Every structure is written in structure tokens, then in C-alpha cells.
Amino acid sequence: MLEIFKNMFDIKLTRLHQIILFGTFLFVSFYFLISIIFTLNNSILDIKKENEITISRIEFLSSIKDQEIISRSNFSSNFASSLNTSALDKNLKIDRSLPLSDGEISIWINESNFVDLFNWLLEINNNNVEITKMNIRRVSGDSVSAQLTFKS
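Just so you know, these numbers come straight off a predicted model, no measurement behind them.

*Asks:* Please give an account of the pairing of strand E4 (residues 143-151) that cites residues and values.
*Replies:* Summarising burial for E4: 7 of the 9 residues are buried, a large majority. In terms of strand pairing, strand E2 (residues 104-113) meets E4 through 8 bridges, oriented antiparallel. Counterpart to Ile 105 in the pairing with E4 is Phe 150. Pairing between strand E3 (residues 130-140) and E4: 9 bridges, direction antiparallel. Each bridged residue has a counterpart across the sheet, and for Ser 140 the counterpart in E4 is Ser 143. Two successive antiparallel strands, E3 and E4, enclose a turn made up of 2 residues, where Gly 141 displays a positive phi of approximately 55 degrees.

In C-alpha cells:
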């Protein structure tokens, strides 16, 4: 067995074979290097896009606080009923609601479309309802579940 390995390493390559072998090694090394660089570049671009989207969402949500909204007509009379009605208008189903102290109400929404939930939250904010706590988690695809606490 040792003789086979000795014979393999005792092979004398001609100058042409050495050049071909070295060229092949350089080509394969260059190919792997370019592949790694390309993959890393795509990953960096994806992360930059995600960061830009996240930053724009944060800026948008922070600008909501700065808006002065005078009208409260939609949510002034019966707070819980108004939340329920407006949620149904946005294709959301409130699974559970719990009145809390200080005029707050906590609600649970299971498996709803994120865009519908987001639009509903914008509408609520435009009606001068304060979101005091928010816990949103992705269930699958565009579907999310949320636990929200509002103050009228």
C-alpha cells in the first residue's frame, strides 16, 4: 500500500503538464473567489435594502406622533364598539378584548393580513387613539397576530 502512494508522488510531470495543472488550479481558485465575492455582494445589497425599508417605516411611524389631529368623532362615544366596528371595516376580526384601567383596552387579533392591520392602526391613530402597547408577530407569509393596548 505504501508503495502505491510512493509511486503516486514519484510521478514526474513535464513542464507542459505542470503549466496546465497550475493554470487549472489558478482558474478554479479564481472561480471560487469570484463566486464568494458575488454572493457576499448580493447579501450586502439585500441587507441594505432591508435596512432602508426598516428606516423608512420607523421614520413614517415616528412622524405619526408629530401629526396634530383634531377630530375624534369616530371613537368618542363607545370606545370598544368603535374599535370593533373599524376593525371589521378593515377585514380584521378582534378575537378577544379586555378593558383595562385608565380608559385603556387590550385586544387580540389572530391571523390577519399585515397590510390590513397596518392600515387599521393608521386609521385609529388619525382618530386620536393612542397605542400604548403593541406586540405583532408573523404567523406565516403576510399573516400576523397582534396584541394591542389602546387608550382613548
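What follows picks up the thread again.
*Asks:* Go over the packing of aromatic side chains with me, naming the residues and quoting the values.
*Replies:* Following the criterion strictly, the structure yields 4 aromatic pairs and no others. Summarising the aromatic geometry, the rings of Phe 60 and Phe 118 are spaced 6.0 Å apart at their centres and angled 40 degrees between planes, so their arrangement reads as tilted. Remark: Phe 118 occurs in helix H4 (residues 114-126) and Phe 60 occurs in helix H2 (residues 15-66); sequence separation between them is 58 residues. When its relative accessible area of 26% is taken as the criterion, Phe 118 is described as partly exposed. Measuring from centroid to centroid gives 6.0 Å for Phe 114 and Phe 118, while their planes differ by 25 degrees, and the two rings are stacked. Of the two residues, Phe 114 and Phe 118 are both situated in helix H4; the distance of 4 residues between them amounts to about one turn of the helix. Through successive ring pairs, a cluster of aromatic residues spans Phe 60, Phe 114 and Phe 118. Taking the ring centre of Trp 108 as reference, the NZ or CZ of Arg 96 above it sits at 4.2 Å.

*Asks:* Please set out the sheet that holds E4 residue by residue, giving values where relevant.
*Replies:* Strand order across the open sheet formed by 4 strands is E1-E2-E4-E3, with antiparallel pairing between neighbours. The sheet is open, and its two borders are formed by strand E1 (94-99) and E3, each paired with just one other strand. Within the sheet, the average angular offset between the axes of one strand and its neighbour, ignoring direction, is 10 degrees.

Cut-offs used in this document
- Residues numbered from 1 in each chain as written.
- Predicted model: local features only at pLDDT ≥ 70, side-chain atom pairs only at ≥ 80, totals over all residues.
- Heavy atoms only, no water.
- Buried < 20%, exposed > 50% of the residue type's maximum accessible area, 1.4 Å probe, protein only.
- Helix = DSSP H or I, 4+ residues; strand = E, 2+ residues; numbered from the N terminus.
- Pairing = 2+ DSSP bridges.
- Phe/Tyr/Trp six-rings, centres within 6.5 Å; stacked < 30°, edge-to-face > 60°.
- Lys NZ or Arg CZ within 6 Å of the ring centre and 35° of its normal.
- Axes fitted to C-alpha atoms, helices over the stretch in contact; angles between N-to-C directions.

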